[in-house]
Amino acid sequence: MRNTPPTNVGDLVAAFLESHGVTVAFGVISVHNMPMLDALHRRGRVRFVPARSESGATNMADAAARASGRLGVVFTSTGTGAGNAAGAMVEACTAGTPLLHITSQIDTPFLDQGWGYLHEAPAQLDMLKAVSKAAFRIGAPGETAAVLREAARVARTAPTGPVSVEIPIDVQRETIEIPDLAPLPVADAVPDAAALDRLAARLAASRRPLLWLGGGARGAQDAVARLAGMGIGVVTSSAGRGILPDDHPMSLGVFGGAPPVERLYETVDFMLVVGSHLRSNETRTYNLKLPTARGRIDVDPATEARSYPSEVFVAGDARLALEGLAWRLDGRLQVAPDFVADVAAARREAEAGLRRTAGAYAPMLDVLERAMPRDALWVRDITLSNSIWGNRAPTIRDPRASMLALGGGIGQGLAMAVGAALGGGGRKTVALVGDGGLQLGLGELATAAESRADMVLLLMNDGGYGVIRNMQDNDYGGRRCYADLKAPDFGLLAEALGIPHRRIREMGAFAPAFAEALGATGLFILEFDMAAIGPFGARAGGFPPPPAWAGRR
Ligand SMILES: Cc1ncc(C[n+]2csc(CCOP(=O)(O)OP(=O)(O)O)c2C)c(N)n1
């Protein structure tokens, strides 16, 4: 098919995104990506959001993908621009986000020769490979369509992840006809039927069965609901939060590490771990005493040899495996009559513990529970408020609604909230951030305001790095250093950017302020003066050393 007027590779990239259902992309414009962004602008079908940093743009694309289930897209420049994306790419790898990082390269005649060409980075492709599931270089215009389609296929194939593509600037400008750009089929890893039979038999023999679900099981909501309906209890990791609605009677939420749930594990006769790393920070560095009889499902066969061992392992897609189990167990499972009540009791006790630990902030949980729209997106940065309560409250009913940096890197919450708000189909976004983390990407406040991201930012201001002070108190004899930070007056900063802002000095002021913030459209900042409001009810737990059995295989 001939295209008139002639199109260039930049147009092809834009058409490729359209054909893959992408509606929003993020990035920072540069001489090295202008043919692509010019094409996006001319065609007008994909919204491009100019972020203030490549790291912010990448976090935004990551969050837009997590909120929407579509491919996330970020554009960066060659060299420093691509390098600025690296930290956020590590997070996208950790979270397994299907994300396309489209970056550039210097003109092909000068590639890899060290002339000192503008933006040249000697080992850019190696750097991209280190922070991506895969990284490709397009060497000539005719390769563009095939490489982009393959990159998207790799990103969307489980275990999903971010993929980087370098397109040299001279290639981007070349005239080309637009070929077939339809998405390539994504193959499911089909679990072995006999292995599923064995796992089903093991579960059928169990009277007190429990599922531990990680982010890999996010697509398995329906099968999980069926299994929970048969009386199987469900714990999720942070990444798996909401796969079973938190308010389901068999849900133990993200309370998998809470003492009442650890006590329940002693009575569980089989735990099936699905699509989860059993991450160190969620298992007290593998010291959490999980039920001793365990099975595991994971798309990555190498998982069998990692962390907690299991007696039955099934390699394959979590959704297919859980559907297969639900079908096999239908009418076969005989759960102990008191198990439902024991799950509910453990959950109640864990929630009571959460409220005690939240201390002066417990009323905040009630307001969020009552007032947050049922379909709101709940995004958190790495902050004490998240580790103490935000990771477990308020009620989440959908795995796309909960988001945080799973690798534990601070400063990504604001940008993730912007991406969630812009990619999440118009759902209100509520974000929980600390004053320390926020300062890593203050420029993205301008992006949030400019893009009209519909979000409420709950800024927990304790005048520095609370998490670090907490560790200094726990492990360094209370010697505090480098954790008290000067910060801007956030009220003045918000005013300078035309962002509405309210300061909350006592908890009673939160409900009316939150109602006002939710009623507004766009970014609204509610800043909590934590010195005035008061302390948490307990310190956050630290990171104990691993047990002898872990990490030495
Ligand atoms: C990218 C990155 N740098 C440094 C750290 C170490 N770190 C963990 S929590 C934290 C403090 C966060 O401060 P703030 O956002 O104010 O939240 P608070 O701890 O006060 O609740 C720091 C520096 C990290 N996790 N990630």
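Here is a short report on the structure shown in this document. (Residues numbered from 1 in each chain as written. Predicted model: local features only at pLDDT ≥ 70, side-chain atom pairs only at ≥ 80, totals over all residues. Heavy atoms only, no water.)

Now for the packing of aromatic side chains. Scanning the entire structure with this criterion turns up nine aromatic pairs. A centroid spacing of 6.3 Å and a plane angle of 65° characterise the contact between F48 and F75, whose relative ring orientation is edge-to-face. Linking F48 in strand 3 (residues 47-50) with F75 in strand 4 (residues 72-75), this pair joins segments that are 27 residues apart in sequence. The exposure class of F75 is buried, given its relative accessible area of 0%. (Phe/Tyr/Trp six-rings, centres within 6.5 Å; stacked < 30°, edge-to-face > 60°. Helix = DSSP H or I, 4+ residues; strand = E, 2+ residues; numbered from the N terminus. Buried < 20%, exposed > 50% of the residue type's maximum accessible area, 1.4 Å probe, protein only.)

This next bit is on a nonpolar patch on the surface. On the surface, I29, V31, M34 and L118 cluster together to form a nonpolar patch covering roughly 380 Å² of accessible area. Summarising the element assignment, L118 is placed in the loop between strand 5 (99-105) and helix 6 (124-130). A relative accessible area of 52% means that L118 is categorised as exposed. (Patch = residues over 30% accessible without salt bridge, like charges linked within 9 Å, V, L, I, M, F, W, Y side chains within 5 Å. Areas by Shrake-Rupley, 256 points an atom, 1.4 Å probe, with all protein chains shown as cover. Salt bridge = Lys/Arg side-chain N within 4 Å of Asp/Glu carboxyl O.)

With that settled, consider the environment of S104. By the element assignment, S104 lies in strand 5. Between the C-alpha atom of S104 and that of D247, which follows or precedes it by 143 residues, the distance is 46 Å. Residues within four places of S104 in sequence aside, it is in contact with H32, T76, T78, Q124, E166, I167, P168, I169 and Q172. Here H32 takes part through its backbone oxygen, which lies 2.9 Å from a polar atom of the side chain of S104. (Contact = heavy atoms within 4.5 Å. Polar contact = N/O pair within 3.5 Å; in protein donor to acceptor, adjacent residues only side chain to side chain.)

The next thing to look at is the sheet that holds strand 7 (residues 162-168). Read across the open sheet, the six strands follow the order 3-2-4-5-7-6; overall the sheet is parallel. Edge positions in the sheet fall to strand 3 and strand 6 (134-137), since each of these pairs with one other strand and no more. Across the sheet, the mean angle separating the axes of adjacent strands is 25° when strand polarity is ignored. Both strand 5 and strand 7 contribute to a ladder of seven bridges, which runs parallel. Note that in strand 7 the partner of H101 across the bridge is S164. Sheet strands in contact with helix 5 (residues 86-95) are strand 5 and strand 7, and its direction is about 140° off that of strand 7. Contacts between helix 7 (residues 144-156) and the sheet are confined to strand 5, strand 6 and strand 7, with strand 7 contributing the most and set at about 165° to the helix. (Pairing = 2+ DSSP bridges. Axes fitted to C-alpha atoms, helices over the stretch in contact; angles between N-to-C directions.)

So, on to empty space enclosed by the protein. To find leftover empty space, a probe the size of one water molecule is rolled over the atoms. Enumeration over the complete set of coordinates arrives at one cavity of 30 Å³ or more. In terms of lining residues, the largest cavity is bounded by T23, V24, A64, A65, S68, R70, L71, G72 and G423. Split by residue class, the lining of the largest cavity holds four nonpolar, four polar and one charged. (1 Å grid on protein atoms, 1.4 Å probe; cavity = no way out; pocket = protein on both sides within 12 Å on 5 of 7 lines; lining within 4 Å. Points joined across faces, edges and corners; volume = space filled by probe spheres on them. Nonpolar A, V, L, I, M, F, W, Y, C, P; charged D, E, K, R; others polar.)

By definition, the strands of a sheet pair up through backbone hydrogen bonds, in either a parallel or an antiparallel sense. Taken in spatial order, the six strands make up an open sheet running 15-14-16-17-19-18, and their pairing is parallel. Of all strands in the sheet, those bounded by a partner on one side alone are strand 15 (402-404) and strand 18 (501-504). Sheet twist, expressed as the average angle between the axes of neighbouring strands with direction ignored, equals 15°. Across six bridges, the pairing between strand 17 (residues 455-461) and strand 19 (residues 524-529) is parallel. Within strand 19, the position partnered with V456 by the bridge is F524. The strands touched by helix 14 (residues 362-371) are strand 14 (377-380), strand 16 (429-434), strand 17 and strand 19; relative to strand 17, the strand with the most contacts, the crossing angle is about 175°.

One can find A225 in helix 10 (residues 221-229). Along the chain, A225 and S385 lie 160 residues apart, while their C-alpha atoms are 30 Å from each other.

With that settled, consider the site of the ligand. Looking at the ligand, there are 16 residues lining it, with T383, G436, G437, G466 and V467 nearest. G408 is positioned with one of its backbone polar atoms (N or O) 2.9 Å from a nitrogen atom of the ligand. In the model, an oxygen atom of the ligand is placed 2.8 Å from a nitrogen or oxygen of the D462 side chain. Burial of the ligand by the protein amounts to 76% of the accessible area it has alone, namely 590 Å². Counting residues per element, the ones that place at least two in the shell around the ligand are helix 17 (435-438) and helix 19 (466-475). For the shell around the ligand, the residue count by class is six nonpolar, eight polar and two charged. (Near = heavy atom within 4 Å.)

Listing the buried residues of helix 21 (residues 510-519) in full gives F510, A513, F514, A517 and L518. Down the axis of helix 21, the buried side of the element spans an arc of 135°, and every buried residue falls inside it. Turned more than 90 degrees off the buried face of helix 21, the exposed positions are P512 and G519. Tucked inside the fold, the buried residues of helix 21 contact helix 14, strand 16, strand 17, strand 18 and strand 19. (Arc of directions from axis to C-beta.)

Membership of the largest hydrophobic core comes to 133 residues, with the highest contact counts inside it found for L322, M364, W389, L458, F510, F514 and L526. For this core, the element with the highest residue contribution is helix 16 (residues 413-423), accounting for eight residues. The contact partners of F510, leaving out residues within four places of it in the chain, are M364, V367, L368, L458, I504, L526 and F528. If you look at the next biggest cluster of nonpolar residues, it comprises 35 residues, including L17, M36, A151 and I167. (Core = buried A, V, L, I, M, F, W, Y, C linked by side-chain atoms within 4.5 Å.)

Moving on to unusual backbone geometry. Note the cis peptide between A158 and P159, where omega equals -5°. Its location among the elements puts P159 in the loop between helix 7 and strand 7. The residue after A393, namely P394, is reached through a cis peptide bond having omega -5°. By the secondary structure assignment, P394 is in the loop between helix 15 (384-390) and strand 15. Of note in this structure, T285 is not a glycine but carries a positive phi near 50°. On the secondary structure map, T285 appears in the loop between strand 11 (270-274) and strand 12 (294-298). When its relative accessible area of 12% is taken as the criterion, T285 is described as buried.

Honestly, it's all geometry; don't read function into it.
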